[in-house]
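Residue strings, one per chain:
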Amino acid sequence: MKAVAFREVGGPEVLRPVELPTPEPGPGEVLIRVAYAGVNYGEVQHRLGDFGAPEGETVTGLEASGTVAALGEGVTGLTLGEEVAAYLPDGGGYAEYASAPASFVFPLTDVGLGLRTAGAAPLVLTTAYGVLAGAARIAAGDTVLVHAAAGGVGSAAAQLARSLGAAAVYGTVSTKEKAEYARRFGYDEVFERDGFVEAVRAATSGRGVDLVLDPIGGATRLASFEILAPFGRVAVYGEAARHPDLSLPVLPVWKNNRVLTGYNIGDLSRRDPELLRRHALAALALAASGDVRIDITAEYELSDASEAHRLLEAGANTGKAVLRVGG
């Protein structure tokens, strides 16, 4: 099968077109003939070695859509040729065929999405829903701040927060152009990240926000604690800026009624796959109902995956990009 893989960690240039054997689904797995694969920052991290060193030709790609090509032992409820979306916890989406645990494979007849949109949905929507409902415990009437508001998760998170009862949703971005783009997803206000603390305080009359969703880290994460309302939560779900880890003292958390929480989809897939499946189904249902829209802003051929990574790693992206893999 055709695939894009890497043998060593490094920049986008390490991604190369290769020919690999078609995988065989193991017990409880589904083999998917891939139509579209989403492009996510998690795949940049995979390529950079954050998930460990590659072993031979390594194929990344954490979400995909396509048709069921084969069923592993014990899999029920799916049929050959059926169109599906899938979260791929071990990667593999940047290829003509990918295998996934059956728990993370979702028939498109159930979720009401086309193949192209479905290829950009399972990771992004599940992460946005999980960080809001699982890690941050959003409640009706909460105010929310989303860092990286113009990205794939950020644009989905604004819409999901509204559907889950948020009273106000604010965002931060790195440029004025991204602020203009992000506003189309229902943000009350979108601020440039430099100076966001003062902007949030002004927008909330000094109260601060109940939730901060942070995939960035470093100084942005540290400053986020300063604009929390009482019992406000900073929910961490990424480390896009690749800063050194913070050393956070506990006393300010106690004395200022603050909460730090985290969401990692890979860990959840290993330790509580049924909970992850419930998050995914809830998020996909909101997309099917029209409450949440995924905005695909770029489409690449599979062989151009390195260019998609280059733009994503440089922070030049808005919305969501996909790779067109099969027909």
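Refer to the structure above for everything that follows.
Description of the structure in this document.

The rules behind the values
Residues numbered from 1 in each chain as written. Predicted model: local features only at pLDDT ≥ 70, side-chain atom pairs only at ≥ 80, totals over all residues. Heavy atoms only, no water. Helix = DSSP H or I, 4+ residues; strand = E, 2+ residues; numbered from the N terminus. Buried < 20%, exposed > 50% of the residue type's maximum accessible area, 1.4 Å probe, protein only. Salt bridge = Lys/Arg side-chain N within 4 Å of Asp/Glu carboxyl O. 1 Å grid on protein atoms, 1.4 Å probe; cavity = no way out; pocket = protein on both sides within 12 Å on 5 of 7 lines; lining within 4 Å. Points joined across faces, edges and corners; volume = space filled by probe spheres on them. Nonpolar A, V, L, I, M, F, W, Y, C, P; charged D, E, K, R; others polar.

What follows concerns unusual backbone geometry. The phi torsion at Phe-231 lies on the positive side, around 65°, for a residue other than glycine. Along the chain, Phe-231 turns up in strand β12 (residues 228–236). On the basis of relative accessibility, which here comes to 56%, the residue Phe-231 falls in the exposed class. Positive phi values are uncommon outside glycine, yet Arg-242 reaches one of about 55°. Its place among the elements puts Arg-242 in the loop between β12 and α9 (251–255). The class of Arg-242 is partly exposed, set by a relative accessible area of 41%.

To continue, consider the pattern of salt bridges. Tallied over the entire structure, the rule returns 18 salt bridges. When the shortest N-O distance is used, the salt bridge between Arg-116 and Glu-299 registers 2.5 Å. With Arg-116 in helix α3 (residues 115–118) and Glu-299 in strand β14 (residues 296–301), the pair connects residues that are 183 residues apart, well separated along the chain. Under the relative-accessibility criterion, Arg-116 is labelled partly exposed at 34%. Judged by its relative accessible area of 29%, Glu-299 is partly exposed. Two residues, Arg-207 and Asp-210, come together in a salt bridge whose shortest N-O distance is 2.9 Å. Here the salt bridges do not stand alone but share partners, grouping Arg-116, Glu-299, Glu-301 and Arg-324 into one network.

Looking now at the layout of surface pockets. Quantified by volume, the second largest pocket comes out at close to 290 Å³. Lining the second largest pocket we find 16 residues, and of these Val-59, Asp-90, Gly-91, Gly-92 and Ser-99 sit closest to its centre. Ranked by residues supplied to the lining of the second largest pocket, first place goes to strand β6 (residues 97–101) with 5 residues. Across the lining of the second largest pocket, the residue classes break down as 9 nonpolar, 5 polar and 2 charged.

Turning to empty space enclosed by the protein, a few remarks are in order. Under the criterion given, the structure shown has 1 cavity of 30 Å³ or more. Of the volumes computed, that of the largest cavity is approximately 40 Å³. With 3 residues, the single largest contributor to the lining of the largest cavity is helix α5 (residues 152–163). Tallied by class, the residues present in the lining of the largest cavity amount to 3 nonpolar, 3 polar and 3 charged.

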